[in-house]
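Notes for the structure review
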Amino acid sequence: MANMKKTILIAAISLAVTATASAADVVKATVHADQAGAKINREIYGQFSEHLGTCIYGGLWVGEDSKIPNIMGYRKDVFEALKALKVPVLRWPGGCFADDYHWMDGIGPKDQRPSLRNNNWGGTIEDNSFGTHEFLNLCEMLDCEPYISGNVGSGTVKEMAQWVEYMTSDGDTPMARLRRQNGREKAWHVKYFGIGNEAWGCGGNMTPEYYSDEFRKFNTYLRDYTGNQLYRIGSGASDYDYKWTEVLMDKIGNRMQGVSLHYYTCSGWDGPKGSATKFDNDQYYWALGKCLEIEEVIKKHKAIMDEKDPQGKVGLLVDEWGTWWDEEPGTVSGHLFQQNALRDAFVASLSLNVFHKYTDRVKMANIAQVVNVLQAMILTDQKGTGHMVLTPTYHVFKMYTPFQEATFLPVDLPTETMQVSKAYFKEKEGAKDAGYRPCPMLSASAAKTTDDGLVLAITNVSLDKDQTIDFQLAGYQAKTVSGEILTSKKVDDYNDFQHPETVVPKAFKDAKLKQNVVSVKVPAKSIVVLNIR
Ligand code: AHR
C-alpha cells in the first residue's frame, strides 16, 4: 500500500480528496537545505496602520494625558507587544484615508490643528492629533521602516513634494525649517513612499493609463534629499486585475521600485461577509481555499513583471492583505472592528508561507491592520477600559519571527487536498455553481536562519486528522529540535478581554530527531513552528 493514491471522503464538504499516504500513514517529507533559495525579506512581516476606526486613536495612540499607561502618548501595552513582534515596516496613514489626508493639518501645536471628517470610515471626526511627527517617532521607537502613502487622489504635487522635503531634508530648506520650528531638528529616514493608494477606486477612480501619467508627474517632484533615497511605490492592482499591473509595468516601469497588490480573504464586497467567530466547517475551509488562491494571483502578476522586468528590479508589495469579516455586533459602523479566531491564524500562516515562496519578487507585505481593524494583531477594549488582547494572528507572526531575513528552503510535503466551494454562503444565489478551489490539508515552509539554524513551520488545517510527518533534512546536520504549537479545542476559538489566553502558543514536545529525520506529530487544526539546530 505504500505511496498508493487513494480517494477519501471528507465529511464536512463531501468532496473528493486525493492523497498520497503510506501504509503506516506516516507522511514522508523532505526539507531541502541543499537547495537554498532567496533571502526572505523581513518586510514581508510588515504592518499597516490607518486612520480607520480605533486603529490609531485608542489603538496605537491615547495621548499623554490618558489614564491608560502610555509612553509619550503611545499606548504602552500595544507598543511593547509590537516591539516584541519585530515589526520591520509600518504603512501609514492609509488605505483610502491616505487620499483624503492633508499632512499639513497634522503638524504644529495640537490645539491649532484643523479637524476633518473621515469620509471613508464612518464619518468619524479626525482631530489630526496623530500626524507626521507622531508616526515617524513611533517608527523610530519601534526600529522599523516607515512606509508613507501619499495623497494623489485629492492632493497636489506641491503638497506631496513638500511632505517629502519636510520629512527628509536636512538642509536649510523651507520645509526643513518648518520641521525644526515644530521641534524636530534632524530629518527622519523615510525609505518607502507610496504614490497614491487604490488609484482604481477610493484613490481617484482612475484608469491604469491615467494613473501611470499621474505617477510620472508626481514622482518627478519627489526629491531624494542628502542621505535619503526613496523607494517609490506605484498604486497597484486589486486581486485579479492583471491588466492594471501590465499597464503600470509598461508605462511607469523602472521609475517605480515597487508596485502594490491588494488581496483580501473576503467573501464579497456587497452584503454580509460572514462572522469572524460564528462559522461552519464549510465556511472554515472556504477561507483557507480563498486565502491560498493568493498564490495563483501572485504567480500571474509576477509572470507579467518577469516578462517586463526580467532583472527583477521592481518589487511586488502585497501592502494590504488578510481576512475581512463582518464588523462585531455593537461596534461603530464603518470602523471595521472584527474578532480574530484560530481560523484567522491559519490564514496568516498559509499566506506567509506563500510570501516566503515568492520572496524573490514579493519584497513586502502589510497585513491589514495592526490594531483594532480587520485581521489585527492586537485588539483594545472599545469601551476604553484599557484592556488589550493579542490575537491568534499575533501569535503566528511572533512564532514566525525567525523567518525574517532567513534563506528560503523548498519543502516536499505530500498531502491530501480538499476541493472547497468558492461560495461562502451556501444559500446565496448561484452558490451551487460557484466552482471549487483546492485546499491542501498540510502546508510547510522552511528556511535557514541568520544564525545557521533551520526554522520549519507546519500547518495542519484538517479539522479532524492528526498527522505524523517524517522530515528528511537534505544538506543539513541536525542535533536538536524544539518548538511551539498554536491550536485550540475549536477552530472558532478566540481571545477576548475576559479570556485573553484561549488561543496561545505552547511548548511543543512531539518532534523527535533520529538519524537526521525530524519526526513530528502534528495535531489536527494546529500550527507548529520548529527550531532545528
Ligand atoms: O483596509 C481597509 C481598506 O481596504 C483600505 O483603506 C483600502 O485601501 C482597502 O480598500
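Everything numeric in this text was worked out from a predicted model, so none of it was measured.

Right, let's get into the sheet that holds strand 15 (residues 362–368). With parallel pairing, the 8 strands of this closed barrel are ordered in space as 4-7-10-11-12-13-14-15. Neighbour-to-neighbour, the strand axes of the sheet open up by a mean angle of 30°, direction not taken into account. The sheet strands contacting helix 3 (residues 157–168) are strand 7 (89–92), strand 10 (145–150) and strand 11 (192–195), and the helix crosses strand 10 at an angle near 160°. Against the sheet, helix 6 (residues 242–251) makes contact with strand 12 (231–238) and strand 13 (258–265), and its axis sits at roughly 150° relative to strand 12, the strand it touches most.

Take the sheet that holds strand 22 (residues 442–448) next. Strands sit in the order 18-22-23-29-25-26 across an open sheet of 6 strands; the sheet is antiparallel. The open sheet is flanked by strand 18 (407–409) and strand 26 (506–507), the only strands paired with a single partner. Those strands touched by helix 10 (residues 392–399) are strand 25 (481–487) and strand 29 (526–532), and its axis lies near 165° from that of strand 25.

This part takes up the confidence of the model for the chain. In low-pLDDT segments, the atomic positions of the prediction should not be examined closely. Summarising the model, the chain shows a mean pLDDT of 95, and 95% of its residues fall at 70 or more. Taken element by element, the chain is modelled with least confidence in strand 1 (residues 4–9), mean pLDDT 32, and with most confidence in helix 10, mean pLDDT 99. Note on residues 1–23: pLDDT under 50 across the span, and 51 contacts to partners over four residues away in sequence or across chains.

Before going further, it helps to spend a moment on the domain arrangement of the chain. Examined at the domain level, the chain breaks down into domain 1 (4–37 + 410–532) and domain 2 (42–404). For domain 1 versus domain 2, the separation of C-alpha centres amounts to 29 Å. In this complex, domain 1 contributes 51 residues to the contact, which on the side of domain 2 involves 48 residues. Roughly 3900 Å² is buried in total at the junction of domain 1 and domain 2, and carbon and sulfur atoms are behind 68% of that figure. The largest contributions to the domain 1 side of the interface with domain 2 come from Tyr-424, Arg-437 and Phe-497, which together make up 22% of the buried area.

Here we come to the state of the cysteines. Two cysteines whose sulfur atoms are joined by a covalent bond form what is called a disulfide. The full count for this structure, using the stated rule, is 1 disulfide. Across a sulfur-sulfur distance of 2.2 Å, Cys-96 and Cys-202 are joined as a disulfide pair. Looking down the S-S bond of the Cys-96 and Cys-202 bridge, the torsion is -85°, so its handedness is left-handed. Of the two residues, Cys-96 is situated in the loop between strand 7 and strand 8 (116–118) and Cys-202 in the loop between strand 11 and helix 5 (208–220); the sequence distance between them amounts to 106 residues. The exposure class of Cys-202 is partly exposed, given its relative accessible area of 31%. The thiol of Cys-55 is unpaired, and the distance to the nearest cysteine sulfur, on Cys-139, comes to 12 Å. Lacking any disulfide linkage, Cys-439 is separated from the closest cysteine sulfur, that of Cys-291, by 8.0 Å.

With respect to spatial proximity, the complete set of residues near the ligand consists of Phe-48, Glu-50, Gly-95, Cys-96, Trp-121, Asn-197, Glu-198, Tyr-264, Glu-320, Trp-324, Gln-369 and Leu-374. With respect to the ligand, the backbone of Cys-96 contributes an N or O atom lying 2.8 Å from an oxygen atom. In the model, an oxygen atom of the ligand is placed 2.8 Å from a nitrogen or oxygen of the Tyr-264 side chain. Calculation on the ligand without its partners gives an accessible area of 280 Å², and the protein chains cover 93% of this total. Per-class residue counts for the shell around the ligand are 6 nonpolar, 3 polar and 3 charged.

Attention now goes to helix 6. Among the residues of helix 6, those classed as buried are Tyr-242, Trp-244, Thr-245, Val-247, Leu-248 and Met-249. The secondary structure elements touched by the buried residues of helix 6 are helix 5, strand 12, strand 13 and helix 8 (294–308). Downstream of helix 6 by a residue or two, Gly-253 has a phi angle that is positive, lying close to 55°.

The next thing to look at is unusual backbone geometry. Residue Pro-93 is reached from Trp-92 by a cis peptide bond, and omega for that bond is 5°. Position of Pro-93 relative to the elements: it lies in the loop between strand 7 and strand 8. Here the residue pair Ala-368 and Gln-369 is connected by a cis peptide bond, since its omega of -15° sits within 30 degrees of zero. Within the secondary structure, Gln-369 sits in the loop between strand 15 and strand 16 (378–380). Despite not being glycine, Asp-239 shows a phi value in the positive range, around 45°. Assessed through its relative accessible area of 11%, Asp-239 is described here as buried. Not every positive phi belongs to a glycine, and Asn-516 is a case in point at roughly 65°. Relative to the elements of secondary structure, Asn-516 occurs in the loop between strand 27 (511–514) and strand 28 (517–522).

What counts and how
Residues numbered from 1 in each chain as written. Predicted model: local features only at pLDDT ≥ 70, side-chain atom pairs only at ≥ 80, totals over all residues. Heavy atoms only, no water. Pairing = 2+ DSSP bridges. Helix = DSSP H or I, 4+ residues; strand = E, 2+ residues; numbered from the N terminus. Axes fitted to C-alpha atoms, helices over the stretch in contact; angles between N-to-C directions. Contact = heavy atoms within 4.5 Å. pLDDT = per-residue confidence, 0-100. Domains from an automatic or database assignment. Buried area = accessible area lost by both parts, 1.4 Å probe. Disulfide = S-S within 2.5 Å. Buried < 20%, exposed > 50% of the residue type's maximum accessible area, 1.4 Å probe, protein only. Near = heavy atom within 4 Å. Polar contact = N/O pair within 3.5 Å; in protein donor to acceptor, adjacent residues only side chain to side chain. Areas by Shrake-Rupley, 256 points an atom, 1.4 Å probe, with all protein chains shown as cover. Nonpolar A, V, L, I, M, F, W, Y, C, P; charged D, E, K, R; others polar.

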